[in-house]
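Observations on the model geometry
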Amino acid sequence: MKYAAAGAALLLLIVFALIAAITSILTSSGTPGGIGCVITTTNSSSQGGPAVASLDGLDEEQQSNAALIVQTGFQLGLPSRAAVIAVATALQESKLRNLRYGHLDSLGLFQQRPSQGWGTPEQILNPTYAARQFYTHLVAVPDWVQLPLTKAAQAVQRSNTPNAYASWEPLAQRTVDGLTGSCATVMPGEQAAAVIAYAQAQLGKPYVWGAEGPDTFDCSGLTMRAFQAAGIAIPRVAADQWRHGQRIPIGQEQPGDLAFFNMQADGPGHVGLVIGNGQMIHAPNRREVVKISSYQRRDLIGFTRPLSRSDPR
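The present account deals with the structure reproduced in this document. Every value quoted in this text rests on a predicted model; they were computed, and no experiment measured them. Here, residues in each chain are numbered from 1, in the same order as that chain's written sequence. For this predicted model, a pLDDT threshold of at least 70 governs which residues receive local features, and a threshold of 80 or more governs which side-chain atom pairs are given and counted, while totals over whole chains, interfaces and linings are taken from all residues. In computing side-chain values, all of the structure's heavy atoms are included and hydrogens and water are not.

Focus on the side chain of Ser159
- In this fold, Ser159 is placed in the loop between helix H6 (149–157) and helix H7 (169–180).
- By relative accessible area, which is 18% here, Ser159 ends up buried.
- Apart from the residues lying within four places of it in its own chain, the contact partners of Ser159 are Glu93, Gln154 and Tyr165. The numbering of helices and of strands both runs from the N terminus, where a helix is a DSSP run of H or I of at least 4 residues and a strand a run of E of at least 2. Buried means the residue's accessible area, taken with a 1.4 Å probe over protein chains only, is under 20% of the maximum for its type, while exposed means over 50%, and partly exposed covers the values in between. It only takes one pair of heavy atoms within 4.5 Å for two residues to be counted as in contact.

Right, dumping it as structure tokens:
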């Protein structure tokens, strides 16, 4: 019993720490306007979610890298002009591909050089790291926002062909406009933390089909009550919860999103609440209790982000 109690206490400490981290991360990131968003590039119209138009013939790899560059800029609180400069630069330097080769020791999306202090080869080949490095150097350029794109990019890159960046500005602008039009609003950190805190408090409670608490739950009863605790109304059953929220591509899920499994004729048969690091809180079935599990399963369908509207009740 002592070991079980110690294990339970440790689990609670881990979850509380996770909630604190979620609140900090989600409230400190986002666009310059203060509205956090995750850029999606997956056309999910066949599943009922938002479709993203083709970005001027860019292929999947190029779109993904462009989305990462734009998202990184927004997470740093930079205006969209920074993203246009960064995307144009990456188009010129690598055609938006994470190249493992280049002139001399140049590597990656921006052809940054380890020998010039941009980082190790492994770091530069991490697209997020490379984008952050570009933005760090860009914002250090005096009056960079007012500069022509060619001069701003050249101040960072010091290229042998500085005028070449200008030819990519129209495509970069259209790409950034297209991607920012596909923003999926991030749930405010306080709301996400409240949803997860409610679900965490139900750990260990029995599963009963059709139950909505407070002592027993089924999977969608748990998620419905968790969102109610944060002032957000969502439908009662998993299939309707799937149709209710905004679809989030796999890999772009955030704490507070819903994970769905086991597609049936009328929709998913199971739902859980994402808490981060590939984990969710859910009420699995009548043989188990509310618990934390991995959502990396073969029957994973996808994720949604519930609409942040007030609970009318």
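Details of the environment of His282
- Within the secondary structure layout, His282 lies in strand S6 (residues 279–282).
- Put simply, His282 and Gln200 are 82 residues apart on the chain and 9.5 Å apart in space, counted from C-alpha to C-alpha.
- When sequence neighbours within four positions are dropped, the list of residues in contact with His282 reads Leu222, His270, Val271, Gly272, Val289, Val290, Lys291, Ser293 and Arg297.
- A distance of 2.8 Å separates the side chain of His282 from the side chain of His270, its partner in a polar contact.
- Identification of polar contacts relies on pairs of N or O atoms within 3.5 Å, with a donor-acceptor requirement for protein atoms, meaning one able to donate a hydrogen and the other able to accept it, and with residues adjacent in sequence counted only if both atoms are side-chain atoms. Only 2.9 Å separates the side chain of His282 from the side chain of Ser293, close enough to count as a polar contact.

Quick word on helix H5 (residues 127–139)
- If you check H5, its first and last C-alpha atoms are 18 Å apart, about what 13 residues at 1.5 Å a residue would give, namely 18 Å.
- Here H5 has its buried residues at Pro127, Ala130, Ala131, Gln133, Phe134, Tyr135 and Leu138.
- Those residues of H5 that are buried lie in contact with helix H2 (60–75), helix H3 (80–94), helix H4 (121–124) and H6.
- N-capping of H5 is provided by Asn126, with a side-chain oxygen placed 3.0 Å from the backbone N of Thr128. Residue count minus one, scaled by 1.5 Å, sets the expected span of a helix.

Quick word on the packing of H3 against H5
- For the pair H3 and H5, interaxial distance at closest approach is 11 Å and the crossing angle is 120 degrees. The angle between the axes of H3 and H5 places the two elements in the oblique class. Crossing angle aside, the handedness with which H3 passes H5 is right-handed. Contact with H3, carried on its side by Ala82, Ala83, Ile85, Ala86 and Thr89, involves Phe134, Tyr135 and Leu138 of H5 and no other residues of that element.
- Three categories are distinguished: nonpolar for Ala, Val, Leu, Ile, Met, Phe, Trp, Tyr, Cys and Pro, charged for Asp, Glu, Lys and Arg, and polar for the others, with Gly belonging to the last. Residues belonging to the contact of H3 with H5 are distributed by class as follows: 7 nonpolar, 1 polar and no charged. Axes here mean lines fitted to C-alpha atoms, for a helix over just the part in contact, with angles spanning 0 to 180 degrees between N-to-C directions. These descriptions rest on fixed angle ranges, namely under 35 degrees for roughly parallel, over 145 for roughly antiparallel, 65 to 115 for roughly perpendicular, and the rest for oblique. Rotating anticlockwise by less than a right angle from the far helix to the near helix defines a left-handed crossing, while the corresponding clockwise rotation defines a right-handed one.

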